[in-house]
Amino acid sequence: AILGHREAIQAINPATDLPLAPAYPGGDGEHVDQACALAWAAFDTYRDTSLAVRATFLEAIADNIEALGDELIERAVAETGLPRARILGERGRTCGQLRTFARTVRAGEWLDVRVDTAQPARQPLPRADLRQRHIALGPVAVFGASNFPLAFSVAGGDTASALAAGCPVIVKAHGAHPGTSELVGRALAKAVKDCGLPDGVFSLLYGSGREVGIALVTDPRIKAVGFTGSRSGGIALTQAAQARPEPIPVYAEMSSINPVYLFPAALHARAEALAQGFVTSLTQGAGQFCTNPGLVIAVAGPALERFVATASELLPACAAQTMLTPGIFQAYEAGVGSLTEHAQIAAKGMAAQGPNQGQAQLFVAQASAFLSNEHLQAEVFGAASLVVVCADDEQVRQVSEHLEGQLTATLHLDDADLARAQALLPVLERKAGRLLVNGWPTGVEVCDAMVHGGPFPATSDSRSTSVGTAAILRFLRPVCYQDFPDSLLPAALQHANPLRLRRLFDGQREA
Ligand code: NAP
């Protein structure tokens, strides 16, 4: 069900600044109402599908996206300015993600079945038979991200995990890539049809966030929200969801500057190699990653000077890159302007050769300035980063305590740094969702153990992840069945365990 007839949404090719046909008529409150009615009507049927049917559906979406072939790749390149190789990689990730969720659905561990059998003879009171499983929350509203037109958009991680949980999904298409959204939306709608599922399992809406987006989040039939984008957008949607007569959870992934710690022994041993790795991570994809390394923290000294000098030599050879939208480019320019005002510039990348090209920039500030100036820890979405120079370990700790919540924190260390790293870990665990050693934060694996989340403002709810199979948990809730006759129990909870799940049975995990 693809809806809409209002003011048009039209993509702009950021590499040329020219509009891309066609214009997509935007929806209004009436379309939101239709999509929500369809989703609600589909909910009980869809959440009751067998694990096999739901897994096959997720695989059919992946197959249908791949079957779109070059048309999808070309449209996504034109709408985002991202290189073809990157879009190809992202398609692989998106389809791999859907197939990973299919595997997760089939395994059924997410049902988290717990059984406490009756103890009729227990004294002083008998115990009832109690059985718990997880069920889908209800229809989910998903807001696609601009920076991952496939992997965090119409059939991206939020959609895949919500569908895996048994929730119908309504996507609000991102206005930056309406054509890519349509192609993927049609592939998804075809999978719904091919698998014989009700229409309302998936809908795609075009329109403004402030009208269509807010109407969606405040519709009583929507029971959860997934979002990736700006801090202001995430906060607006979270507040709208909290102000409903029935508040609902919003999983918004918003703003993170991803501190990178260079510990003394590692810095002394390989300042130049670290600078090389840092510049590569910083400038990848024009820096338009939520895990982009926007902050480097180290103790002052000759080794840190070598790091800054090498990064400053490398940066001028980095070409300016087309950013996703004119708006994101302008926001980057404004962010860089603010850093220029509040910190010292160390180096710049090559100057822009075309419209909307972001020039990489590196800044330096003393820790004392960082601690007293909130402008210095605002996210600048793009290839800009700030080196914070600390007087000693104590100041590293103060800077760390001062940080807002983060998606990641990276530690570059050698054996001689382990005690220092150990001392800082309790702070970093409080601040970030993923801690990594001797790597770079860009590149987020889709797997069982991944956490792509973190305390506010990295996300609106630090208890979950938006990447990896644990993302399914966001869209589930537990239900307990007490003293049910076996025939009335859902299959997952029946005595004979027909789904062969590894249940927690009277306190023991079944083999
Ligand atoms: P955005 O402006 O937050 O938009 C994302 C989605 O949310 C769009 O569909 C938008 O609809 C909707 N939306 C935004 N503000 C809203 C509001 N107040 N009420 C209701 N809906 C709202 O994000 P963007 O366009 O992708 O990029 C803008 C900035 O976001 C970037 O410059 C960057 O700072 C940040 N960003 C961060 C990440 C990250 O991973 N941390 C990723 C992407 C972007 P409309 O288009 O109709 O407004």
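Criteria and cut-off values
- Residues numbered from 1 in each chain as written.
- Predicted model: local features only at pLDDT ≥ 70, side-chain atom pairs only at ≥ 80, totals over all residues.
- Heavy atoms only, no water.
- Helix = DSSP H or I, 4+ residues; strand = E, 2+ residues; numbered from the N terminus.
- Rg over C-alpha atoms; globule rule 2.2 N^0.38 Å.
- Contact = heavy atoms within 4.5 Å.
- Areas by Shrake-Rupley, 256 points an atom, 1.4 Å probe, with all protein chains shown as cover.
- Lys, Arg positive; Asp, Glu negative; His and termini not counted.
- Charge placed at Lys NZ, Arg CZ, Asp CG, Glu CD.
- Phe/Tyr/Trp six-rings, centres within 6.5 Å; stacked < 30°, edge-to-face > 60°.
- Lys NZ or Arg CZ within 6 Å of the ring centre and 35° of its normal.
- Buried < 20%, exposed > 50% of the residue type's maximum accessible area, 1.4 Å probe, protein only.
- Near = heavy atom within 4 Å.
- Polar contact = N/O pair within 3.5 Å; in protein donor to acceptor, adjacent residues only side chain to side chain.
- 1 Å grid on protein atoms, 1.4 Å probe; cavity = no way out; pocket = protein on both sides within 12 Å on 5 of 7 lines; lining within 4 Å.
- Sits in = over half its atoms within 2 Å of the grid points.
- Nonpolar A, V, L, I, M, F, W, Y, C, P; charged D, E, K, R; others polar.
- Points joined across faces, edges and corners; volume = space filled by probe spheres on them.
- Pairing = 2+ DSSP bridges.
- Right-handed = clockwise from strand over helix to strand, strands pointing away.

**Considerations on the overall build of the protein**
Now for step 1: Along its length, the protein carries 14 helices and 23 strands.
Now for step 2: At 24 Å, the protein has a C-alpha radius of gyration in line with the 24 Å of a compact globule built from 511 residues.
Now for step 3: Expressed as lengths along the three principal axes of its C-alpha atoms, the size of the protein is roughly 75 × 65 × 40 Å.
Now for step 4: A separation threshold of at least 6 residues defines the contact pool for the protein, and within that pool the share at least 24 residues apart is 76%.
Now for step 5: Surface summary for the protein: the accessible area is close to 20100 Å², and the carbon and sulfur share equals 55%.
Now for step 6: Within the protein, one finds 40 positive and 50 negative side-chain charges whose respective centroids are separated by 5 Å.

**Notes on the packing of aromatic side chains**
Now for step 1: If you walk through the whole model with that rule in mind, you get 11 aromatic pairs.
Now for step 2: For the ring pair Phe-148 and Phe-289, a centre distance of 5.7 Å and an interplane angle of 50° mean the geometry is tilted. Taken together, the residues Phe-148 in the loop between β7 (140-143) and α5 (157-165) and Phe-289 in the loop between α9 (264-283) and β13 (295-299) connect sequence positions 141 residues apart.
Now for step 3: If you follow Arg-47 out to its NZ or CZ, it ends over the ring of Phe-43, 5.4 Å from the centre.
Now for step 4: Lying across the ring of Phe-148, Arg-86 places its NZ or CZ 4.7 Å from the centre.

**Topic: the environment of Thr-159**
Now for step 1: If you trace the backbone, Thr-159 turns up in helix α5.
Now for step 2: With a relative accessible area of 1%, Thr-159 lands in the buried category.
Now for step 3: Through-space distance from the C-alpha of Thr-159 to that of Ile-170 is 8.6 Å; in sequence the pair is 11 residues apart.
Now for step 4: Not counting residues up to four positions away in its chain, the partners in contact with Thr-159 are Val-142, Ser-153, Val-154, Val-169, Val-171 and Leu-188.

**Focus: the site of the ligand**
Now for step 1: As a structural note, the neighbourhood of the ligand is formed by 22 residues, with Ser-146, Gly-209, Ser-230, Met-254 and Cys-290 the closest of them.
Now for step 2: Here a nitrogen atom of the ligand and a backbone polar atom of Met-254 are 2.3 Å apart.
Now for step 3: Glu-379 has a polar side-chain atom sitting 3.4 Å from a nitrogen atom of the ligand.
Now for step 4: Relative to its free-state accessible area of 870 Å², the ligand is covered by the protein chains to the extent of 83%.
Now for step 5: Among the detected pockets, the ligand sits in the largest pocket.
Now for step 6: Grouping the constituent residues of the shell around the ligand by class yields nine nonpolar, nine polar and four charged.

**Points about empty space enclosed by the protein**
Now for step 1: According to the stated counting rule, one finds four cavities of 30 Å³ or more in the structure shown.
Now for step 2: By volume, the largest cavity is sized at about 140 Å³.
Now for step 3: As for the largest cavity, its lining consists of 18 residues, and the residues nearest its centre are Ile-257, Gly-294, Ala-378, Val-380 and Ala-384.
Now for step 4: At three residues, strand β18 (residues 384-390) tops the list of elements feeding residues into the lining of the largest cavity.

**Re the sheet that holds strand β23 (residues 508-509)**
Now for step 1: The five strands lie next to each other as β21-β6-β5-β22-β23, forming an open sheet whose pairing is mixed. Since the sheet does not close on itself, it has two edges, and those belong to β21 (476-482) and β23, each with one partner.
Now for step 2: With two bridges joining them, strand β5 (residues 114-116) and strand β22 (residues 504-505) adopt parallel strand pairing. Within β22, the residue paired with Val-115 across the bridge is Phe-505.

**A word on the pairing of β18**
Now for step 1: With seven of seven residues buried, β18 lies mostly within the body of the structure.
Now for step 2: Along β18, one buried face is formed by Ala-384, Leu-386, Val-388 and Cys-390 and the opposite face, lined by Ser-385, Val-387 and Val-389, is buried too.
Now for step 3: When β13 meets β18, the two strands line up parallel, connected through five bridges. Paired with Ile-297 across the strands is Val-388, a residue of β18.
Now for step 4: Pairing geometry for strand β17 (residues 361-366) and β18, over six bridges, is parallel. From the neighbouring strand, Val-364 faces β18, where its bridge partner is Val-387.
Now for step 5: Note on the crossover from β17 through helix α12 (residues 367-372) to β18: the handedness is right-handed.

That is the geometry; function is a separate question.
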